[in-house]
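# Survey of secondary and tertiary structure
Spelled out from the first residue to the last, the chains are:
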Amino acid sequence: MVGQLSFFSAEARTPAKADLAGFLCGPGQAVSFARGTAARVYTELRDEWRLRPLKQACADRGVTTELCVNGEGTHFVRTPFRTDLTPLAARWLDGSAKTVPPDFELNGAVLRVWALAAGSWMESAYLLGLDPNAPQTHAPLQNALLASGLPCTLVGAPALRVTGRRRLARLAELVGSPPQGVAMSTWPAA
């Protein structure tokens, strides 16, 4: 018996630039340039395996990326400054502070990008990493996951922890199958 795709599943939606909000749900950042006429998004590359699927997720949305290294040797995946990323940045920035838009709703495509950028397993729980420098985003993102049918708990990593067979199955359904080259051991599953 083949299961029916959820309307909110990543695989049931056409990729859109707004899906790159998944970078911002995690530790990623948005930066506006030239008085808000262009913007970029970027995230720290915590594991080497994330580079190819993050680049592909952006390419599927018509956005190129590059790998860069800061002065401390930290690797980042970032987009160029683009005018079509300005609406995304404007929704997620209050001045220069990252904030969750008041009407933000999670869908499978955003969750998929979030899992690629900052998802990981810890024992029998799947963690969706948060921005340690933006604690004001933690509760709104926890509420957004709850509204998506994924009750979770905030843990000190900081991350949102999803546990339980049914919740993990719901998360797996929303994010879809793992991208090519991503190990099943790193991807949400029931």
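Above this text is the structure in question.
First things first, this report covers the structure right here in the doc. (Residues numbered from 1 in each chain as written. Predicted model: local features only at pLDDT ≥ 70, side-chain atom pairs only at ≥ 80, totals over all residues. Heavy atoms only, no water.)

## Some words on the overall build of the protein
For the protein, the helix and strand inventory stands at six helices and ten strands. Against the 2.2 N^0.38 benchmark of 16 Å for 190 residues, the protein shows a C-alpha radius of gyration of 16 Å, consistent with a compact globule. Taken along the three principal axes of its C-alpha coordinates, the protein extends 50 × 35 × 30 Å. Classification of the 190 residues of the protein by burial places 46% in the buried group. Look at the contacts in the protein between residues 6 or more apart in sequence, and 63% of them connect residues 24 or more apart. For the protein, the computed accessible surface area is about 9,700 Å², with 53% contributed by carbon and sulfur atoms. (Helix = DSSP H or I, 4+ residues; strand = E, 2+ residues; numbered from the N terminus. Rg over C-alpha atoms; globule rule 2.2 N^0.38 Å. Buried < 20%, exposed > 50% of the residue type's maximum accessible area, 1.4 Å probe, protein only. Contact = heavy atoms within 4.5 Å. Areas by Shrake-Rupley, 256 points an atom, 1.4 Å probe, with all protein chains shown as cover.)

## Overview of the nonpolar core
As a rule of thumb, nonpolar side chains are buried together in soluble globular proteins. Trp92, Phe104, Leu106, Leu111, Trp114, Leu141 and Leu145 are the most contacted members of the largest nonpolar core, which has 46 residues in total. Among the elements that make up this core, the one with the highest residue count is helix H4 (residues 108–118) (eight residues). Those residues within four positions of Trp92 in sequence are excluded, and the remaining contacts are Ala21, Leu24, Cys25, Ala97, Lys98, Thr99, Val100, Pro101, Phe104 and Leu141. (Core = buried A, V, L, I, M, F, W, Y, C linked by side-chain atoms within 4.5 Å.)

## Some details on the packing of helix H2 (residues 51–59) against H4
Two numbers describe how H2 lies on H4: the axes approach to 9 Å, and their chain directions differ by 150 degrees. As judged from the angle between their axes, H2 and H4 are roughly antiparallel. Considering only the axes of H2 and H4, their crossing is left-handed. Across the interface between the two elements, Pro53, Leu54 and Ala57 from H2 touch Val113, Leu116 and Ala117 from H4. Looking at the contact of H2 with H4 residue by residue, the classes come out as six nonpolar, no polar and no charged. (Axes fitted to C-alpha atoms, helices over the stretch in contact; angles between N-to-C directions. Parallel < 35°, antiparallel > 145°, perpendicular 65-115°, else oblique. Left-handed = near helix turned anticlockwise from the far one by under 90°. Nonpolar A, V, L, I, M, F, W, Y, C, P; charged D, E, K, R; others polar.)

## Re the pattern of salt bridges
Scanning all chains against the criterion turns up eight salt bridges. Between Arg82 and Asp84 there is a salt bridge, and its shortest N-O distance comes to 2.6 Å. Looking at Asp84, the relative accessible area reads 31%, which means it is partly exposed. Taking the shortest distance from any N to any O, the salt bridge between Arg170 and Glu173 comes out at 3.6 Å. Placement of both Arg170 and Glu173 in helix H6 (residues 165–175) is noted, with a separation of three residues, approximately one turn of the helix. Residues joined by salt bridges that share partners form a network here, namely Lys17, Arg82 and Asp84. (Salt bridge = Lys/Arg side-chain N within 4 Å of Asp/Glu carboxyl O.)

Function-wise, these values are silent; they only describe arrangement.
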